[in-house]
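The chain contents come next:
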There are 2 protein chains.
Amino acid sequence: MDNLEKARGGRPRAFDPDRALDAAMHLFWEHGYEATSLAMLREAMGLTPPQIYNAFTDKETLFRKALIRYHQTEIGFALDALSAPVSTREAIRRLLLGAAEAYSRPGKPGGCLFVSGALAASPQAQAIADELKAYRKASEAAIAERLAKGRAAGDLPENLSVEGFAKYLAGVMNGMSIQARDGASVEELRILAQTALAALPAEGQKRGA
Amino acid sequence: MDNLEKARGGRPRAFDPDRALDAAMHLFWEHGYEATSLAMLREAMGLTPPQIYNAFTDKETLFRKALIRYHQTEIGFALDALSAPVSTREAIRRLLLGAAEAYSRPGKPGGCLFVSGALAASPQAQAIADELKAYRKASEAAIAERLAKGRAAGDLPENLSVEGFAKYLAGVMNGMSIQARDGASVEELRILAQTALAALPAEGQKRGA
DNA sequence: CAGGTTTCGTATCGATCACTATGGATAATT
DNA sequence: AATTATCCATAGTGATCGATACGAAACCTG
C-alpha cells in the first residue's frame, strides 16, 4: 500500500512510482486537476488504470501526492530565499527572482501548480480547490513571517503592515504565474519582479535610533 | 438564430436570453468553463437543453457570449480608468482600485472571469484557454497604450519600459484576482493596490525642461 | 383559416468520465 | 514444493458528459 517501504512479499512492481508521479505532476501542472483525465494520465505515466489505482488509491490522492512532490522538487527557491541569512530586501529579491526562473523553466509547464491546478473547480472538486488555496495561503504566511522577522530586526519600517505587504508579494507571485502561463519569458518575469521590488519601503531605522 | 434581432415568425421564446446569459456567465465565473456542466447551466438558467442549444448554439459559443457580456457589464472600470482625462498616475490608481472593487463585489464570484474561466484546460478546451489568454493580453496592451501616452505627455520617465511596466500592472491585477478568489476583502485588495502603486516611478520631467 | 416557421417539452443519444471485478503471473515465506 | 501476498493485464462497470431527434405547440403571414 505504501510505496516508500519495501513490500515483504508478492510480485514486485514493474514501474518506478516516483517517475510515474513525476509524469502525473507535470500533466496536472499543465492541464489542472479536473481537465486531466485518467486516459491522459495512463498514457503519460505508461501505466494501466489498475496500476495507477493500486499505487495511488485514486485520482484525488494522486493529485495530492503530486502537490507534495511539486513542493519538494520544484519550488525550493522559496524556502531558500526566505530562510537565507540575508537582509529582508535581499530575501524578497531572491524570492521574486526565484519565482521568475521557476515559473518559466524550459521543458516545464509555465507558472505554478498551486495556481494552475484548480483556480476554478466543479462542486465535486471543491476539496481540491480548497487544498490548493491552503498551499497559497501557506506561502503568503511564510512571506509574512519573514517580513515580521525583518521588521523586528529593523530591516523594515515599524509601521509596515506585514500582512498587507505579504499579500502584495504573494499576489505578485501569483500574477507572475499567470504571466508565465501566458508565455512570458524569464527575462520578462525578471523585469516584472524587479518592478515589484520597487514597492519595497526604504530600510527602516533600527529601533532606538 | 441571432437573439438580438426580433424573429419574423414562429413560436416566441419563453425566456429572456439576456437573463439566461447572465446566469451562465456567473456560473462560468465561479466554476470555470470546463467544470461548469450543462446540468448546472440548465438549473441556473432555468432552461432545458434544447432551449440552451437553440439560443446559444453550443457550450463554447455560450461561454464566448458570456465573455462578451462580462466585458460589457462587469469591468467597465478598466476602460473608464484608462480613458479618463487624468494624470497617468491617477489613471493607474483608478485602474487598480477599480479592480479591487470589481474583483470582490458582494454576490459575485471573486476575481476576474478572464482569469478564472480557464487558466488550465484539457486539450479539447485549448481554444477557450487561448481566447481567455487573448483577453488578458488585450488588457495588458490597453495598459501599455495608456502608459505610452503618459510617457509621451511627460507623465512618466522617458526611459521607462512601457511594455515591462504594463506587464507588471497586468500581473498585479491577475494576482489580485487570485487573492480575491482566495477570499481577500475589498479593503485588503485596496491595500494591495496601493502597495503596487508604490512601484510607479516618479513623475518624469516634461520634455525640454 | 391554411401554410410556414420557430420554440417547446420529453426522452434520449454515443462518448467519455473515474473506477474496478476477475483471474493469471511473480515474488518472499514456510 | 506449498502457501501467501502482491501486482499484472484484460475487459468492462454505472454515471455523467455535451448534444439531439422527435413531434406537439405557438406565433406570423397570406
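As the structure is a computational prediction, the values presented were derived from the model and not from experiment.

## Section: the overall build of chain A
Here comes step 1: Secondary structure summary: chain A contains ten helices and zero strands in total.
Here comes step 2: What you see in chain A, going N to C, is helices and strands ordered as α-α-α-α-α-α-α-α-α-α.
Here comes step 3: By principal-axis analysis of the C-alpha atoms, chain A measures approximately 70 × 40 × 35 Å.
Here comes step 4: The 209 residues of chain A split such that 51% are buried.
Here comes step 5: Partitioning the contacts of chain A with sequence separation of at least 6, the portion at a separation of at least 24 is 69%.

## Quick word on the side chain of Asp155(B)
Residue and element names in this part refer to chain B.
Here comes step 1: Along the polypeptide, Asp-155 turns up in the loop between α8 (126-152) and α9 (162-181).
Here comes step 2: Although buried, Asp-155 forms no salt bridge, and the nearest oppositely charged side chain, Arg-146, lies 4.7 Å from it.
Here comes step 3: Within the structure, Asp-155 has its side chain in polar contact with the backbone nitrogen of Thr-88 (distance 2.8 Å).

## With respect to the protein's contact with DNA strand D
Here comes step 1: Residues in close proximity to DNA strand D total 25 residues, the closest being Ala14(A), Asn54(A), Leu38(B), Tyr53(B) and Lys59(B).
Here comes step 2: For DNA strand D, a phosphate oxygen lies 2.7 Å from a polar atom in the side chain of Tyr53(B).
Here comes step 3: Where the surface near DNA strand D is concerned, the elements lending two or more residues are α3 (49-56) of chain A together with α2 (38-45) and α3 (49-56) of chain B.

## Focus: the interface of chain A and chain B
Here comes step 1: Facing 38 residues of chain A, the contacting portion of chain B comprises 38 residues.
Here comes step 2: Summed over both sides, the interface of chain A with chain B buries roughly 3,000 Å², with 65% coming from carbon and sulfur.
Here comes step 3: Of all residues in chain A, Leu119(A), Lys167(A) and Asp182(A) bury the most surface against chain B, accounting for 21% of the area lost on that side.
Here comes step 4: Our enumeration of links across chain A and chain B arrives at two salt bridges.
Here comes step 5: Across the salt bridge formed by Arg136(B) and Asp182(A), the nearest N and O atoms sit 2.7 Å from each other.
Here comes step 6: Here chain A and chain B share 13 residue pairs in polar contact (both at pLDDT 80 or more) between them.
Here comes step 7: For the side of chain A that touches chain B, the elements supplying multiple residues, two or more each, are α1 (17-31), α7 (113-116), α8 (126-152), α9 (162-181) and α10 (186-197) of chain A.
Here comes step 8: Element by element, the count of residues in the side of chain A that touches chain B is highest for α9(A), at twelve residues.

## Observations regarding the environment of Ala148(A)
Here comes step 1: With respect to the helices, strands and loops of the structure, Ala148(A) is situated in helix α8.
Here comes step 2: Remark: the alpha-carbon pair of Ala148(A) and Val162(A), spanning 14 residues in sequence, is separated by 6.1 Å.

## Observations concerning the domain arrangement of chain A
Residue and element names in this part refer to chain A.
Here comes step 1: Split by domain assignment, chain A resolves into domain 1 (17-70) and domain 2 (88-197).
Here comes step 2: Look at where the C-alpha atoms of domain 1 and domain 2 centre, and you get two points 25 Å apart.
Here comes step 3: Across the domain 1 to domain 2 interface the summed buried area is about 1,500 Å²; carbon plus sulfur atoms make up 63%.
Here comes step 4: When the buried area of domain 1 at its contact with domain 2 is split by residue, Trp-29, Leu-67 and Tyr-70 rank highest and sum to 42% of it.
Here comes step 5: Along the contact surface separating domain 1 from domain 2 lie one salt bridge.
Here comes step 6: Seen at the junction of domain 1 and domain 2, the total is eight residue pairs in polar contact (both at pLDDT 80 or more).
Here comes step 7: At the level of secondary structure, the elements contributing two or more residues to the side of domain 1 that touches domain 2 comprise α1 and α4 (59-73).
Here comes step 8: With seven residues, α4 is the single largest residue contributor to the side of domain 1 that touches domain 2.

## Things to note about the packing of α9(B) against helix α10 (residues 186-197) of chain B
Residue and element names in this part refer to chain B.
Here comes step 1: Where α9 contacts α10, the two axes come as close as 11 Å, and the packing angle between them is 165°. The angle between α9 and α10 falls in the class roughly antiparallel. The two elements α9 and α10 meet at a crossing, and its hand is right-handed. Here Tyr-168, Val-172, Met-176, Gln-179 and Ala-180 of α9 come into contact with α10, specifically with Leu-189, Leu-192, Ala-193 and Ala-196.
Here comes step 2: Grouping the amino acids of the contact of α9 with α10 by side-chain chemistry returns eight nonpolar, one polar and no charged.

## A closer look at the environment of Tyr135(B)
Residue and element names in this part refer to chain B.
Here comes step 1: Tracing the chain through its elements places Tyr-135 in helix α8.
Here comes step 2: Distance in space between the C-alpha atoms of Tyr-135 and Leu-67 is 9.1 Å, their sequence separation being 68 residues.
Here comes step 3: With near-sequence residues (within four places) excluded, Tyr-135 lies in contact with Leu-67, Ile-68, His-71 and Phe-114.

## So, the nonpolar core
Here comes step 1: Core analysis: the largest hydrophobic core is formed by 139 residues, its most contacted members being Tyr168(A), Met45(B) and Tyr168(B).
Here comes step 2: Residues in contact with Tyr168(A), not counting those within four places in the same chain, are Ala196(A), Ala199(A), Tyr168(B), Leu192(B), Thr195(B) and Ala196(B).

## What to know about the packing of aromatic side chains
Here comes step 1: What the rule picks out here adds up to 16 aromatic pairs over all chains.
Here comes step 2: Arranged with centres 4.9 Å apart and planes meeting at 55°, the rings of Tyr33(A) and Phe63(A) form a pair that is tilted. With a gap of 30 residues between them, Tyr33(A) in the loop between α1 and α2 (38-45) and Phe63(A) in helix α4 connect regions that are remote in the sequence.
Here comes step 3: Judged by its relative accessible area of 9%, Tyr33(A) falls in the buried class.
Here comes step 4: Judged by relative accessible area, which is 0%, Phe63(A) ranks as buried.
Here comes step 5: Plain terms: the ring middles of Trp29(B) and Tyr70(B) are 4.9 Å apart, the flat faces sit at 75° to each other, and that makes the pair edge-to-face. Note that Trp29(B) is positioned in helix α1 (residues 17-31) and Tyr70(B) in helix α4 (residues 59-73), a separation of 41 residues in sequence.
Here comes step 6: Take Tyr70(B): its relative accessible area is 1%, and that puts it in the buried class.

## Here we look at the relation of the copies chain A and chain B
Here comes step 1: Placing chain A over chain B gives an RMSD of 0.1 Å and needs a rotation angle of 180°, together with 0.0 Å of translation along the axis. Here the copies are linked by what is in effect a two-fold axis.
Here comes step 2: Here 100% of the interface residues in chain A have copies in chain B that are interface residues too; the copies meet face to matching face.

Rules of the game
Residues numbered from 1 in each chain as written. Chains lettered and ligands numbered in written order. Predicted model: local features only at pLDDT ≥ 70, side-chain atom pairs only at ≥ 80, totals over all residues. Heavy atoms only, no water. Helix = DSSP H or I, 4+ residues; strand = E, 2+ residues; numbered from the N terminus. Buried < 20%, exposed > 50% of the residue type's maximum accessible area, 1.4 Å probe, protein only. Contact = heavy atoms within 4.5 Å. Lys, Arg positive; Asp, Glu negative; His and termini not counted. Salt bridge = Lys/Arg side-chain N within 4 Å of Asp/Glu carboxyl O. Polar contact = N/O pair within 3.5 Å; in protein donor to acceptor, adjacent residues only side chain to side chain. Near = heavy atom within 4 Å. Buried area = accessible area lost by both parts, 1.4 Å probe. Domains from an automatic or database assignment. Axes fitted to C-alpha atoms, helices over the stretch in contact; angles between N-to-C directions. Parallel < 35°, antiparallel > 145°, perpendicular 65-115°, else oblique. Left-handed = near helix turned anticlockwise from the far one by under 90°. Nonpolar A, V, L, I, M, F, W, Y, C, P; charged D, E, K, R; others polar. Core = buried A, V, L, I, M, F, W, Y, C linked by side-chain atoms within 4.5 Å. Phe/Tyr/Trp six-rings, centres within 6.5 Å; stacked < 30°, edge-to-face > 60°. Least-squares fit on C-alpha atoms with pLDDT ≥ 70 in both.

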